[in-house]
Amino acid sequence: MLQVTGVCKSFAGPQGQKVLDNLNLSIHPGEYVAILGITHSGKSTLLNVLGGLVRADSGSIVIEGTEIGILSDHDLTSLRRRRIGFIFQAFHLLPHLSAGLNIALPLQLDGVPRTEALQRAQELMDQIGLGDRMLALPSELSHTHIQRISVARAFAHKPALVLADEPTGGMESEMGLKMLQVLREQLKLNHTSGILVTCSLEAARTADQILVLENGQLSPFQGQIG
Ligand SMILES: Nc1ncnc2c1ncn2[C@@H]1O[C@H](COP(=O)(O)OP(=O)(O)O)[C@@H](O)[C@H]1O
Ligand SMILES: [Mg+2]
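Reference entry: report on the structure contained in this document. Given the structure is predicted, the values throughout are model-derived calculations rather than measurements. (Residues numbered from 1 in each chain as written. Chains lettered and ligands numbered in written order. Predicted model: local features only at pLDDT ≥ 70, side-chain atom pairs only at ≥ 80, totals over all residues. Heavy atoms only, no water.)

Quick look at the sheet that holds strand β2 (residues 18-27) now. The pairing of strands in a sheet comes from backbone hydrogen bonds and takes either a parallel or an antiparallel form. The 4 strands lie next to each other as β2-β1-β4-β5, forming an open sheet whose pairing is antiparallel. Every interior strand has two partners, whereas the edge strands, β2 and β5 (66-67), have only one. Inspection of the sheet shows strand β1 (residues 2-10) paired to strand β4 (residues 58-63) by 5 bridges, in the antiparallel sense. Note that in β4 the partner of valine 4 across the bridge is isoleucine 61. Packing against the sheet, helix α1 (residues 43-50) makes contact with β1, β2 and β4, and its axis sits at approximately 55° to β2. (Pairing = 2+ DSSP bridges. Helix = DSSP H or I, 4+ residues; strand = E, 2+ residues; numbered from the N terminus. Contact = heavy atoms within 4.5 Å. Axes fitted to C-alpha atoms, helices over the stretch in contact; angles between N-to-C directions.)

Here is the structure:
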């Protein structure tokens, strides 16, 4: 469902180094891959490029048969909204909206009728064990519950691919691992492909497969990093 071939990305600057250097990656439908890398190895850059938030300098990224490099900004945004879900560390819930509305809002913005959007939100809240907390405001929820809801929200529109950028902040507490468990459950339940980038081996172990990002390229994990 995702085929990445020879992707390069550099940033202008004194070093001008290649963050992604001829990178290849292939992900099947429903497959969950973790990408392990140290700080500044290019993990966020890779996810931003795969999610169409940042354009690659060269190479090919094909998502469900569509080469995203040739899409207009408008079409790329549209593909991202429909087919990709993001989970970022700093991707907070809106404080003045209930948990249910936080999940339903992106759907409504995309034209899904309110009743249908709220039904989907209820379904997700049930799946993450918070079915009776639809009306709770973020301030009334524990941090663990907020984490779970922010994972569920990324699945509201049934994306083909979910991209998670160090959602637990690299600190693999029990709480963080519970969040990753919810991520894994949702990926399997929705038959969604997932990419988790992290600097934590413990977090990476929740995936089906672990790759290492080093010198702008990916390779299979051999037991150690750095
Ligand atoms: N928008 C940007 N402009 C210039 N340099 C950037 C930009 N984004 C990332 N970089 C550089 O690219 C490298 C990789 O960054 P990043 O992808 O954030 O790594 P990671 O997420 O693994 O910590 C770093 O050296 C960083 O300084
Ligand atoms: Mg990062």
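With that settled, consider the site of ligand 1. Around ligand 1, the neighbouring residues are Phe11, Gln17, Val19, Ile38, Thr39, His40, Ser41, Gly42, Lys43, Ser44 and Thr45. Histidine 40 is positioned with one of its backbone polar atoms (N or O) 2.7 Å from an oxygen atom of ligand 1. The backbone of glycine 42 places a nitrogen or oxygen atom 3.1 Å from an oxygen atom of ligand 1. When ligand 1 sits alone it has 550 Å² of accessible area, and the protein chains cover 62% of it. (Near = heavy atom within 4 Å. Polar contact = N/O pair within 3.5 Å; in protein donor to acceptor, adjacent residues only side chain to side chain. Areas by Shrake-Rupley, 256 points an atom, 1.4 Å probe, with all protein chains shown as cover.)

Strand β3 (residues 32-36) sits mainly inside the fold: 5 of its 5 residues count as buried. Bridge count between β3 and strand β8 (residues 193-198): 5 bridges; the pairing is parallel. Across the sheet, valine 33 pairs through a bridge with isoleucine 195, a residue of β8. (Buried < 20%, exposed > 50% of the residue type's maximum accessible area, 1.4 Å probe, protein only.)

Here we take up the packing of aromatic side chains. According to the stated counting rule, one finds 1 aromatic pair in the structure shown. Centroid distance phenylalanine 86 to phenylalanine 88: 5.5 Å. Interplanar angle 20°. Geometry classified as stacked. On the basis of relative accessible area, phenylalanine 88 is assigned to the partly exposed category, the value being 25%. (Phe/Tyr/Trp six-rings, centres within 6.5 Å; stacked < 30°, edge-to-face > 60°.)

Next up on the list: the sheet that holds β3. The 6 strands are arranged β6-β7-β8-β3-β9-β10 in an open sheet whose pairing can be described as mixed. The open sheet is flanked by β6 (84-88) and β10 (217-220), the only strands paired with a single partner. Here the strands of the sheet are splayed against their neighbours by 20° on average, with no regard to which way each runs.

Relative orientation of the contacting elements helix α3 (residues 99-109) and helix α5 (residues 143-153) amounts to 20°, with a least axis distance of 9 Å. As far as their axial angle goes, α5 and α3 are roughly parallel. Pair α3 / α5 crosses with right-handed handedness. Between α3 and α5, the residues in contact are Ala99, Asn102, Ile103 and Pro106 and Ile149, Ala152 and Arg153, respectively. (Parallel < 35°, antiparallel > 145°, perpendicular 65-115°, else oblique. Left-handed = near helix turned anticlockwise from the far one by under 90°.)

Before going further, it helps to examine the environment of glycine 52. Structurally, the position occupied by glycine 52 is in the loop between α1 and β4. Its relative accessible area of 9% is what places glycine 52 among the buried residues. Look past the residues within four positions of glycine 52 in its chain and what remains in contact with it is Ile68, Leu76 and Arg80.

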